[in-house]
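Examination of the molecular architecture
So the chains spell out like this:
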Amino acid sequence: MNRLNKTSIFFLVGAVLVFGIVQALISAGIINSFWSTIVLLAGVMAIVSLGLNLIYGFNGQFSLGQYGFYAIGAYTAADITYRWVQLHSASGLTVILMISILVGLAIFLIRGVVSKIRGMDTLSAFALYLAGVLVAIFIATRLGMLIANPVTALFNLMPEKVAQYVVYLIAVLLGGLIAGEVSFLFGLPVLTLGSDYFGIATLGFTIIVKVLLDNSDTMLGFDEMKGARGMIGIPKITTWATVFIFLLITIIVIRNLLNSSYGRAIVSIREDETAATSMGIDVAFYKTITFVIGSFFGGLAGGLYAHINGFLHPNTFSFVKSFDPLIVVVFGGLGSVTGTVGAAFGWALVLEGVLRLILPEGFETWRFVIYPTLLLIMMLLKPNGLFGNYEIPFIRSVVPPLKEKKADEETAKEVA
Amino acid sequence: APAAAEGPAAAEGDTIKVANLSPLTGPVPTFGESTKNGFMMAVEEWNANGGILGKQIEPIVEDSQCTADPAVNAANKVIDQDGVHYIVGEVCSSASIPVSEVAQEKGVLMISPTSTNADVTLNLDGTTKDMVFRACFIDPFQGLVMAKFASDQGYTKAFVMSDQGNDYVRGLAEVFSEKFVEYGGEIVGSENYTGTDTDFSAILTKVADSGAEVLYLPDYYNVINLVAAQAKQLGITAVMMGADGWDSSDLDIAAADGGYYSNHYSPDDTRDVVVDWVSKYTEKYGATPDALATLAYDATNLLFAAIEKAGVDDAAAVATAMESLSYDAVSGTVTFDEQHNPIKSAVVLQVKDGAIQFVASVAP
Amino acid sequence: MERKNQNPIVNWIVKSKILGILFFVIIGATAVFKLGTALLDNPSLFLQQVVNGLQLGFVYALIALGYTMIYGIIQLINFAHGDVFMVGAFASFYSISRYNVHLWFQNLFPSVPAMLAQAIGAVTVVLVSMVVCALLAFTIERIAYKPLRTAPRISALITAIGISFFLEYFGALGFVFTPNYITYERPFEVTSWYIGPEGFGSIQAGVATPPHSLIFSNIFLIIVLASVFLLLVLQYIVKRTKIGKAMRAVAYDKPTARLMGINSDAVISITFALGAALAGAAGVLYAIAYPQVFFSMGIIPGMKAFVAAVVGGIGSIPGAFIGALIMGQAETLSAAYISTPMRDAIAFSLLIVVLLIRPKGIMGETSSEKV
Amino acid sequence: MMLEVDKINVFYGAIHALTDISFNVEEGEIVALIGANGAGKSTSLKTLSGLLHPTTGSIRFLEEDISTKAAEEIVRKGIIHVPEGRKIFAPLTVMENLEMGAFLQNDKDQIACDIRSAFERFPRLKERQNQLGGTLSGGEQQMLAIARGLMSHPKLMLLDEPSMGLAPVLVEQIFEIIQEINKQGTSILLVEQNAKMALSIANRAYVLETGSVVLEGAAKDVMENSSVIQAYLGG
Amino acid sequence: MAENTNTTPILELRKLCRYFGGLKAVNEVDLVLQPHALNGLIGPNGSGKTTIFNVITGIYEPTGGEVVFEGQSIGGLDPYIINQMGIARTFQNIRLFPNLTVLDNVRIAYHTHAGYSMSDAIMHSKHFDKKENELTEKAQDFLRVFNLQDRQAEIARNLPYGEQRRLEIARALASSPKLLLLDEPAAGMNPKEAITLMELIHFIRDKFDLTILLIEHQMRVVMGICEHITVMDFGQVIARGSAQDVQKDSHVIEAYLGPGAAELSKQYLKERKQ
Ligand SMILES: Nc1ncnc2c1ncn2[C@@H]1O[C@H](COP(=O)(O)OP(=O)(O)OP(=O)(O)O)[C@@H](O)[C@H]1O
Ligand SMILES: Nc1ncnc2c1ncn2[C@@H]1O[C@H](COP(=O)(O)OP(=O)(O)OP(=O)(O)O)[C@@H](O)[C@H]1O
Ligand SMILES: [Mg+2]
Ligand SMILES: [Mg+2]
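Values in this document were obtained by computation on a predicted structure and should not be read as measured data.

When helices and strands are tallied, chain A shows 15 helices and zero strands. The C-alpha atoms of chain A give 23 Å as radius of gyration, which agrees with the globular expectation for 416 residues (22 Å, within 12%). The dimensions of chain A, computed from C-alpha atoms along their principal axes, are 80 × 60 × 40 Å. Within chain A, the proportion of its 416 residues that are buried is 64%. Contacts spanning at least 24 positions in sequence make up 80% of the contacts within chain A whose residues lie at least 6 apart. When the accessible surface of chain A is summed, it comes to about 14800 Å², and 72% of that surface belongs to carbon and sulfur atoms.

This part takes up the pattern of salt bridges. According to the stated counting rule, one finds 60 salt bridges over all chains in the structure shown. The partner of E:Glu132 in a salt bridge is A:Arg264, with the nearest N and O atoms 3.0 Å apart. Here E:Glu132, found in helix α5 (residues 126–145), pairs with A:Arg264, found in helix α9 (residues 261–271), and the two come from separate chains. Each member of the pair E:Glu132 and A:Arg264 is classed as buried. Between C:Arg343 and C:Asp344 there is a salt bridge, and its shortest N-O distance comes to 3.4 Å. Look at C:Asp344 and you get buried, because its relative accessible area is 12%. Linked by salt bridges that have partners in common, A:Glu352, A:Arg356, A:Arg367, B:Glu62, B:Asp63, B:Lys77 and B:Asp82 make up one network.

Residues and elements named next belong to chain E. The protein atoms that coordinate the magnesium ion (ligand 4) are Thr50 (OG1) and Gln92 (OE1), at distances spanning 1.8 to 2.2 Å. You can see Thr50 sitting in helix α1 (residues 49–56) and its partner Gln92 sitting in the loop between β6 (87–89) and α3 (102–109), a full 42 residues away along the chain. Of the two residues, Thr50 and Gln92, neither departs from the other in class, the shared state being buried.

In this structure, D:Ser42 (OG) and D:Glu84 (OE) serve as the protein donors to the magnesium ion (ligand 3), at separations of 1.8 to 2.3 Å. Of the two residues, D:Ser42 sits in helix α1 (residues 41–48) while D:Glu84 sits in the loop between β6 (79–82) and α3 (94–101), which places them 42 residues apart along the sequence.

Time to look at the UniProt feature "transmembrane region" (unreviewed entry) in chain C. According to UniProt, the positions carrying the feature "transmembrane region" (unreviewed entry) are residues 12–33, 53–74, 79–96, 116–140, 152–177, 215–238, 266–289 and 305–328 of chain C. Taken end to end, residues 305–328 of chain C comprises 83% helix and 0% strand; its first and last C-alpha atoms sit 10 Å apart.

Analysis parameters
- Residues numbered from 1 in each chain as written.
- Chains lettered and ligands numbered in written order.
- Predicted model: local features only at pLDDT ≥ 70, side-chain atom pairs only at ≥ 80, totals over all residues.
- Heavy atoms only, no water.
- Helix = DSSP H or I, 4+ residues; strand = E, 2+ residues; numbered from the N terminus.
- Rg over C-alpha atoms; globule rule 2.2 N^0.38 Å.
- Buried < 20%, exposed > 50% of the residue type's maximum accessible area, 1.4 Å probe, protein only.
- Contact = heavy atoms within 4.5 Å.
- Areas by Shrake-Rupley, 256 points an atom, 1.4 Å probe, with all protein chains shown as cover.
- Salt bridge = Lys/Arg side-chain N within 4 Å of Asp/Glu carboxyl O.
- Donors = N, O, S within 2.8 Å, 3.2 Å for Na, K, Ca; no water.
- UniProt positions renumbered as here; feature names shortened; annotations may be inferred.

In structure tokens, the structure reads:
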């Protein structure tokens, strides 16, 4: 009865309505490509920010690394579809698929061993994982190349459009997975740091990713990524429908997670780490898993993003830009899913849309004077973000009514 | 931003709308500023002379931040919201490439004043984007000019510095290195930095140690100013050489004294267009025009000339007209090759005794 | 719960943390090997790079001091600090090129030796910038941070980002500062000296310096002296003076500090002003060292200095200093000997590794929280 | 009359914490405020010391209205509040905590002398003088809090549950100290859960219940009041 | 069933040491807790009581010596493992999850027994619904024991002090411990409230078959309910035994109880008998 209650139905109907109306307006050309691109970017921003909100808003880990994972997801997915569309080869798909599977496997295997050895030093564990992952990548690359041709042939059986879309969907998911796996490796040692130190380490991560992307052709050997020249030739196939569905899934997954015992464990760490660990919560594990899930959504969003404009450039992921999701999350209300989604759309529509339209000739540069001013005023008026910790009924966790009294109650009364 | 229509109450259809995408905010607003100035100057001149095809030109300037997403948003905005058919911009290749795809898709003519990356006008398969042009040299030419010049001067040892994150700088540096060796010189060292660096001492120390006679540094004036000042401090004697990025009224002439750079034109040039341009610009904006302003001015003029040549306000027809256009621009008489790159000659200038002096002219 | 019966070898591996150590040793060894060969290869070149790194490090230190001060007291990552630094640089630019502030002493007392007059002029320029920045920070604090005293810490961080954007783009407007890169006119002449096997001498333009000598300039000396001086002053203020202790008290618990008669708002304003004054001084010295000012000049040095401060240990003034020096060396040496394009990546990796080894930063105080 | 509180009302947002509370303290008195958890005792003290401000009513200290004054100004006037829960400055050493107590004092010799007498009173603090406040044990912190409060030679001292978490031997000692401080001329307003102890040293007492004064009188009388015995003094 | 385990102690400290720099906060402490016993730990302020709790629960690693819980050495394990093995605690300075509801505070402690996987949660499976309901009911039961059931939707931070203390004990209980460590549970309560709490502690000990070790300065509580008392001073045990024994000990009187306490303690003992 809890499964499809009134609020869920209400939410789903609302979601379908929002989707339908926007889709209709786009199809009818009332929302032109100027606005529709912004809407897509806003949807993607909402997903990245939801990931960050999970990490920061709910788990309390101040991360500036979200754009790093966003970048990883974007480039991973783009590489897969690029190879498919431009080189007519599924090699990107198979290699990265193999990598994500084998690395995942390696991580699980090593975790099995490490979790048996209580009190293992984090850095030692990290070294073990790293070694395992490197071996896994080595094997996966060979395996992936091996099955590349048959898989290409398999996909070619499908109609071209369908094949392309399927490759794209898998690419987006793999973008998320790879981002998640990288975040696991990176998070493992770094999550032991206290909150602000963690923030700095993640800032460092974003910068390192950006530098690597700047040199992706020379240092990493991915010629098609073209380093600082920017990657072109990525099919532009992300549509409102795709973004919307992924956004919806993200919201539902995060909502279900948060309203479970696991979610409460995640939140308890934000509230008081010492108390949480004393109550049996494996703090290190939950921090890591939250970081991985949050980064997964970051990577996923990256995959979607790469296929909006079909062009990727490392500058999009510079550290100054990486404040954007943080601004969105805080702006919407730290720890509010509703707020994050609302703020992401508001932020994109105002900054890229409305401000462009209303500023008169000669005042183009004022956009970035007005934007921080608005930001400032909003923060001063609503220091807890636009939505505070408000949630729409579907997302809000309800305190269940008290069940009928049990035998204990009398004893309790007599005691207290 | 919607522009106030020029001329008396021009009704819809009485004007030709032309957009300029400039990085007015973001990392290089100063480039945006110059570009916008050059663009506006051309528009005003044409409007003063009665417009094109009897219609006034309505300029629309949009901020594109030298970054992909905002640039695409800006392009979509001017195309979809404002109904523009012609775009002058963007400055940075990393923004021009995605914009070029939008333009190509929507049949809008685009001419980038300064984006040197070959991918701006080319599709991935090597074919030319028929709606996209540029008004600047692509990378190889200037690098070659300077390599030839350096070896002509008798230098044999060169050190090359380049910004790994900037394809303009990187492209020039690569070509220079290759050609300089072809002309019999030796590259005694090459180092990379990033665009946000201010401290170059680590690299310059190596330059000093390498015994280089020439330091090739094809970056913008802001980097040159810093490097030149620090080189002086470290007692470096190698001659600095560079490219059109040096061309700016803000170049530190004292620090860069003795350096050479390649450019589109010489301010000493006595051709009318050049004299006119320099004096008008200086009068209006209080500074001598830099390369960015000049190329924006040229690009805009090329566009207008093409529209006039086509005789109709139709982007596809104008693009066809542009392909066979020959126009006397500030940076020389321009024609386009089949990849929509301009064919024009370069000059070598020297910073000497507080002034910029013409040294040589090199045809392609 | 099957803790017993562990394999002794596994046990040993766990206890001794050997894998983790090995991991760092391998990474460290490659770097040390590279640097070591470089040193043996060409010692004077290597030393020169170390000196270069020191100059950069001391500049970062100047910025980091102010950062860590504000951060230590109000736990606010003041992302606008780098932009206050920029304003400081611009203030000195205008006071020099528009108002000739650096010449006032010379103009008033022409008979005084030029060296002295120049020094006094330069110090005045620095002071002017410090005052301008302090006033600016005071205003910012009142407008953007004070109303958020009771709000979550992150809200103030977002307003700090907002202020940072605002200062940059407002500054970039033509009528405020300018969007251009402007060459900075130094308040005094640069002189460089060399010291080496050929002896000691000053470097003349156009004349080749003798090989294998170490080159440094008066700017280097000034930056080193200024940052050490400010370090000592700051350390003294925070640790020894009443206002410094009050700062730490306010940092920890505002209401209780007020119960001691401490005006916590005033203390916070003073902290901000002091931090900003340091940023102002840093801005001037930075512009003197790298003679160019532009609206976004504060972002990168600010960010690097901040990271250095954190790695040094949040709130620790000597820590910020040491962190900054490490940052300078990491950048310069990796640029010189490992890989220039990967320089920032290497520097940041190193800093992350430092954090992993010392999770509270190099000089970080052990947690004062008792359970 | 040293302190006169007249019909003050205090709110935490929408929560009405104090309703029309009046009480007073005479020069040289020890006055006890007792009441159950959440009755509003700490709120009363916070209002007196300026951390909170009453919406209506007045607080007069030495004939001056202080109800709108900031906390730091009230300290200057001679009221010191030793807050509930010790509130030691954790990152400061014991010594520095004491110096903070003397923040408004400018005479160095006087401060040194005061610190010496604080150490005489609490030898444990002397042993720990360079330890960080946050790592002291609970009882040590309480001693430090009182010692810190005394550093400014207050005319009126507001003590919020000074015996909380203290060993019995220390509780006795603390109450002795309170009496001694009082004898030396400081008036005291004492909030205590340990009502018996508090009433045994107080001159007068007020009993608070959900934000209102329900009983007042001489300490002796209050101690004998049957409802007080029932509610606070235990069976 | 308490009888069979009577012979093996549930917790044993063997020469346990914890130093902070030069300070020997806990110095060679031996302590044995028998199952189902209600033990008191008293001592002057700063004598190392809380530190012992912190070492037992894994917040601090022991500098030396051993902590043996049900025959296993647990010194140096992570706190969450120790909790899962069956030791729960409260804190001297209340540490609830301040922004969460009362119910969630308790549900978090019951997390280990949730009985569904993360994918169940994300897919919102039937199994999840069932288990989550069970979990919630269980948590509400714990709240009932402490008479907090009507507060379940309240944000923990907004509870009055006394209720926060009770909630903290409820939360500790919800993690299903065998050994419960209470650090000054009656601090800040008036004698009346303290007595009620004391009865409650007695009650939960029997109901949940717990062993309890409590630190407390209110002698009324300690002498009233503790069957066995250990007294510490300067990090070392100076006395141990029943309430009567300890009160007569001259060391204890000197170091801790103070001369005036002898009188009072008689009264507490009387109260206890009633
Ligand atoms: N910051 C606050 N926000 C909201 N309500 C508060 C706050 N502080 C106290 N209260 C409420 O005000 C009332 C009075 O609280 P106060 O702290 O004065 O009680 P007290 O008598 O000191 O109790 P205790 O003996 O527990 O210290 C209580 O109902 C409490 O819940
Ligand atoms: N993290 C720490 N760092 C340094 N010293 C500490 C730390 N924790 C405790 N101490 C010291 O260890 C000693 C014992 O402290 P502990 O908290 O165990 O005392 P306690 O017996 O619980 O006292 P109380 O009854 O006052 O709470 C004290 O002197 C305290 O200052
Ligand atoms: Mg109270
Ligand atoms: Mg204790």
